[in-house]
Amino acid sequence: MRRKALLGWKILRALGWRALTWYAVYRLGLWTGHFSRQKPPAVPPSARLRPLWHLPDAGHLRAVGGEEAYRALMAEAEDILAGQVRLYGGEKVPLQLTPPLPLRPWTAYEGGRHLPPGVDIKDLWEPARFGWAFVLGRAYRWSGDERFPAAFWTYLETFDRANPPYQGVNWLSGQEVALRLLALLFAGDVFAASPHTTPQRLSRLTAMVVEHAARIPPTLAYARAQFNNHHLSEALGLYAAGLALEGVPQAERWCEQGWQELNRALQRQIAADGTYCQHSVNYHRLMLHLALMADAFARREGRAWQAETSARLRAATAWLSACLDEISGRMLNLGHHDGAWILPLSAGGIADGRSTVQAAALAFGGGAVLPPGAWDELALWLNLPALVEEVQLPGSPAVHRLGERGDWAVLRTARLTSRPAHADALHVDLWNGGVNLLRDAGTYRYNAPAPWENGLASALVHNSVTVDEHEPMTRAGRFLWLDWDHSWVTEEDETQVTAVREGYLRLGILHRRTLRRVERGRWCISDRLLPYGKRPSVHTFTLHFLLPDWRWQVQGQDAVLLEGEGLRMRLQVQARAEPLPGRRSQAAGEMSLRLQVIRAGEVVWGEGQALPVLGWYSPTYGVREPALSLRWQVTAVPPLTLESEVVVQEANP
């Protein structure tokens, strides 16, 4: 009982009274049957949709995007016409809008009930977000090909028949409803002039927008309780529907409620230094996509953000900019990556963050931060003025980045004020020539058989040190960590940054890490494991790095040479024991290390077994690729120093 009481207290501290209260309100609505009694509202005959989106002309789009972007867009749009879609930016799969489940009220599916074993609910929700409608609309605007609006209306009618209002799994989540609503409004605008957009179809689309908007307010308590992108998505859904609908009595209330909820949520969820509450690059981008849409709609009606909201969005833009590799356009793989790509209105796809950074900089940062390129297409759709001169955003105080274009690294720290996503304190990412060398494993899946049920959130797969194979935080669920591992910077300048973490203090270990750039292509990472509080005792320390699946060669037990993508990289690790004043311990000096090389969950060098989650890299949701996990272990009494040197150079031709 004492243990349960302590766990309950920790959960309360992690989630907070406000979130738990809102969640209790949501549960009450389920328990009383209030939600299941909701009926679609009546839609007045006079109801209609007014346009929200700016529609750039084809010539301007082609001039900005270029021929390569045009070919890629047309190929993706042709796949959609053929009934194929790239969920989460991965491989093509059938576009399934009819869930393989019996029709029940959406409340029947709460908590995963009535889902067949092994089914990931995200795979059912993703096509029903209608993200593919943005692709068809973009292709139509570029080409004028009437096959694209024809396909949209056919798919919409298929969805409408298979998912009547408030029935079925696709009405379960208010966020999913809101994201679909936003896609429907976009499609209504971009296909408005097509002969396939008949008055009857437009009337039904208007009714669907009303039905979607009315679904959101009853369960806003759940969105508020989540303290994340759910709240933002649903608030924007209400705001956009309220703006777009004419002749609907609830429209003005939805508009004002959505706008106020948006401002409050953005101010609460974005810290003053720009850090987003979900501690995730992809969710950070999702947040900015929602804010960018809201900003475009607000400018259309002459509405301005609250001053504090603007300040938070500017800081959030600087944060994401600091996570971007300017050469490849890719971003850090930090935190949860659920494959969300809700604004696919530019070249490059889900892996390219340049369109978001550029548009957010234009909207919230005062000007462009990248030179002109195909990534500017998103800014066109958002009707943002392109500035000729680039404006350099100040570096984000929350992203500890060293180096320069083509050779840079980041040391991850966070003084946590909201639920952490991954156990990634003091993780290091390293990039060279647009290639991510020391990398974050990503997410893979939230809903899958063990160990893949959010298994890549573990400290064991991140580029840091673990002690006695223990997690630095207590895992209390798929998405809940307790006993947070706070970390913070103690020293920082242009060439190095030093930080400490709390996660292993309970084991009597203080971990201090220094990341130092020696020269271009040469980096040092120094980990000092110091005794803290308790009588020093023997521990096993494991230093882990995740690298690309390249050709590799072990050189002794302390070094590995890798080669691929035109680069050669050497990673060498040394362990050095230090004497503890006033005590006898192991002799000071160099210590032997045990090396394991693990690929795709299998040990390919060294002794022992491997956890199945090691040696994998997930670039987006539902996708995992083999990678190389290098693990050096040493058993010692602290103080102990682990020195890692990374040297990167061009490979011989």
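Predicted model only: the values in this text are computed from it and were never measured.

## Things to note about the sheet that holds strand E6 (residues 407-411)
Consider a sheet: its strands pair through backbone hydrogen bonds, and that pairing is either parallel or antiparallel.
Phase 1 of the analysis: Pairing is antiparallel in the open sheet, where 4 strands are placed in the order E5-E6-E7-E8. Strand pairing shows two members of the sheet lacking a second neighbour, strand E5 (400-404) and strand E8 (435-438), which therefore form its edges. Between one strand and the next, the sheet's axes are offset by a mean angle of 20°, whatever the strand orientation.
Phase 2 of the analysis: Bridge analysis of E5 against E6 gives 5 bridges, and the strand direction is antiparallel. Its bridge partner being in E6, Glu404 is matched across the sheet by Asp407.

## Description of the packing of aromatic side chains
Phase 1 of the analysis: Taken as a whole, this structure holds 28 aromatic pairs when the rule is applied.
Phase 2 of the analysis: Where Trp408 meets Trp431, the ring centres are 5.4 Å apart and the plane angle is 5°; that geometry is what we call stacked. Taken together, the residues span a long stretch of sequence, with Trp408 in strand E6 and Trp431 in strand E7 (residues 428-432) at a distance of 23 residues.
Phase 3 of the analysis: For Trp408, a relative accessible area of 0% translates into the label buried.
Phase 4 of the analysis: Trp431 sits in the buried class, given a relative accessible area of 0%.
Phase 5 of the analysis: Each residue in the set Phe130, Trp132, Tyr140, Phe152, Trp153, Tyr155, Phe159 and Phe191 is aromatic and connected to the rest through ring pairs, giving one cluster.
Phase 6 of the analysis: Here Lys122 stacks its cationic end above the ring of Tyr621, 4.7 Å away from the centre of that ring.

## Points about the pattern of salt bridges
Phase 1 of the analysis: Taken as a whole, this structure holds 35 salt bridges when the rule is applied.
Phase 2 of the analysis: Note that Arg147 and Asp145 form a salt bridge whose closest N and O atoms lie 3.0 Å from each other.
Phase 3 of the analysis: Bridged by salt links that share partners, the residues Glu404, Asp407, Arg517 and Arg520 form one connected network.

## With respect to the pairing of strand E22 (residues 602-605)
Phase 1 of the analysis: Note that strand E21 (residues 594-599) and E22 share 3 bridges and pair antiparallel. Of the residues in E22, the one forming a bridge with Arg599 is Glu602.
Phase 2 of the analysis: The turn joining E21 and E22, which pair antiparallel and follow one another in sequence, is formed by 2 residues; a positive phi near 50° is taken by Ala600.

## Topic: unusual backbone geometry
Phase 1 of the analysis: The linkage connecting Ala450 with the following residue, Pro451, adopts the cis geometry, with an omega of 10°.
Phase 2 of the analysis: By the secondary structure assignment, Pro451 is in the loop between E8 and strand E9 (465-467).
Phase 3 of the analysis: Cis geometry is found at the peptide bond from Pro638 to Pro639, where omega equals 10°.
Phase 4 of the analysis: Counting through the fold element by element, Pro639 comes out in the loop between strand E25 (628-636) and strand E26 (640-650).
Phase 5 of the analysis: A positive phi angle, near 65°, is found at Leu426, a position not held by glycine.
Phase 6 of the analysis: Here Leu426 is to be found in the loop between E6 and E7.
Phase 7 of the analysis: Residue Leu426 is classed as buried on the basis of its relative accessible area, which comes to 0%.

## Observations concerning the sheet that holds E21
Phase 1 of the analysis: As summarised here, the arrangement of the 5 strands in space is E9-E16-E25-E21-E22, forming an open sheet in which the pairing is antiparallel. Only two strands of the sheet have a single partner each, and these edge strands are E9 and E22. Strand-to-strand twist in this sheet, taken as the mean axis angle between neighbours without regard to direction, amounts to 30°.
Phase 2 of the analysis: With 3 bridges joining them, E9 and strand E16 (residues 539-547) adopt antiparallel strand pairing. Note on E16: the bridge partner recorded for Thr466 is Thr542.

## So, the pairing of strand E18 (residues 559-564)
Phase 1 of the analysis: Sheet analysis places strand E17 (residues 551-555) next to E18, joined by 5 bridges and oriented antiparallel. When the sheet's bridge partners are listed, Gln553 is paired in E18 with Leu561.
Phase 2 of the analysis: Linking E17 back to E18 in an antiparallel pair, the connection comprises 3 residues, with Gly556 at a positive phi of about 70°.
Phase 3 of the analysis: Looking at chain direction, E18 and strand E19 (residues 567-577) are connected through 6 bridges and run antiparallel. For Glu563, the partnering residue across the bridge sits in E19 and is Arg568.
Phase 4 of the analysis: Hairpin remark: E18 followed by E19, antiparallel, with 2 residues in the connecting loop; positive phi at Glu565, about 50°.

## Some details on the environment of Trp132
Phase 1 of the analysis: Note that Trp132 resides in helix H5 (residues 131-143).
Phase 2 of the analysis: The class for Trp132 is buried, based on a relative accessible area of 3%.
Phase 3 of the analysis: Along the sequence, Trp132 and Pro344 sit 212 residues apart, while their C-alpha atoms lie 8.4 Å from each other.
Phase 4 of the analysis: Beyond its immediate chain neighbours, meaning those up to four positions away, Trp132 contacts Ile80, Val85, Leu95, Leu97, Pro127, Phe152 and Tyr155.

## Comments concerning the packing of H5 against helix H6 (residues 147-162)
Each pair of packed helices can be summarised by the angle the axes make with each other and by the distance between the axes.
Phase 1 of the analysis: Relative to each other, H5 and H6 sit at 160°, their axes nearing to 9 Å. On the basis of the axis angle, H5 is roughly antiparallel to H6. Like other packed secondary-structure pairs, H5 and H6 cross with a definite hand, here left-handed. From H5, Trp132, Ala133, Leu136, Ala139, Tyr140 and Ser143 reach across to H6, where they touch Phe148, Pro149, Ala151, Phe152 and Tyr155.
Phase 2 of the analysis: When grouped by side-chain class, the residues that make up the contact of H5 with H6 number 10 nonpolar, 1 polar and no charged.

## Overview of the nonpolar core
Phase 1 of the analysis: Trp53, Phe130, Trp132, Phe152 and Phe297 are the most contacted members of the largest nonpolar core, which has 142 residues in total.
Phase 2 of the analysis: With 13 residues, helix H12 (residues 281-301) is the largest single contributor of residues to this core.
Phase 3 of the analysis: If you look at the next biggest cluster of nonpolar residues, it comprises 44 residues, including Ile525, Trp632, Val634 and Val648.

## A short note on helix H13 (residues 307-322)
Phase 1 of the analysis: Along its 16 residues, H13 runs 23 Å from first to last C-alpha, staying within 8% of the 22 Å computed at 1.5 Å per residue.
Phase 2 of the analysis: Thr309, Arg312, Leu313, Ala315, Ala316, Thr317, Ala318, Trp319, Leu320 and Ala322 are the residues of H13 that are buried.
Phase 3 of the analysis: Against helix H11 (251-269), H12, helix H14 (354-365), E5 and E6 lie the buried residues of H13.

Analysis parameters
Residues numbered from 1 in each chain as written. Predicted model: local features only at pLDDT ≥ 70, side-chain atom pairs only at ≥ 80, totals over all residues. Heavy atoms only, no water. Pairing = 2+ DSSP bridges. Helix = DSSP H or I, 4+ residues; strand = E, 2+ residues; numbered from the N terminus. Axes fitted to C-alpha atoms, helices over the stretch in contact; angles between N-to-C directions. Phe/Tyr/Trp six-rings, centres within 6.5 Å; stacked < 30°, edge-to-face > 60°. Buried < 20%, exposed > 50% of the residue type's maximum accessible area, 1.4 Å probe, protein only. Lys NZ or Arg CZ within 6 Å of the ring centre and 35° of its normal. Salt bridge = Lys/Arg side-chain N within 4 Å of Asp/Glu carboxyl O. Contact = heavy atoms within 4.5 Å. Parallel < 35°, antiparallel > 145°, perpendicular 65-115°, else oblique. Left-handed = near helix turned anticlockwise from the far one by under 90°. Nonpolar A, V, L, I, M, F, W, Y, C, P; charged D, E, K, R; others polar. Core = buried A, V, L, I, M, F, W, Y, C linked by side-chain atoms within 4.5 Å. Expected span 1.5 Å × (residues − 1).

No statement about biological role is implied by the geometric values presented.
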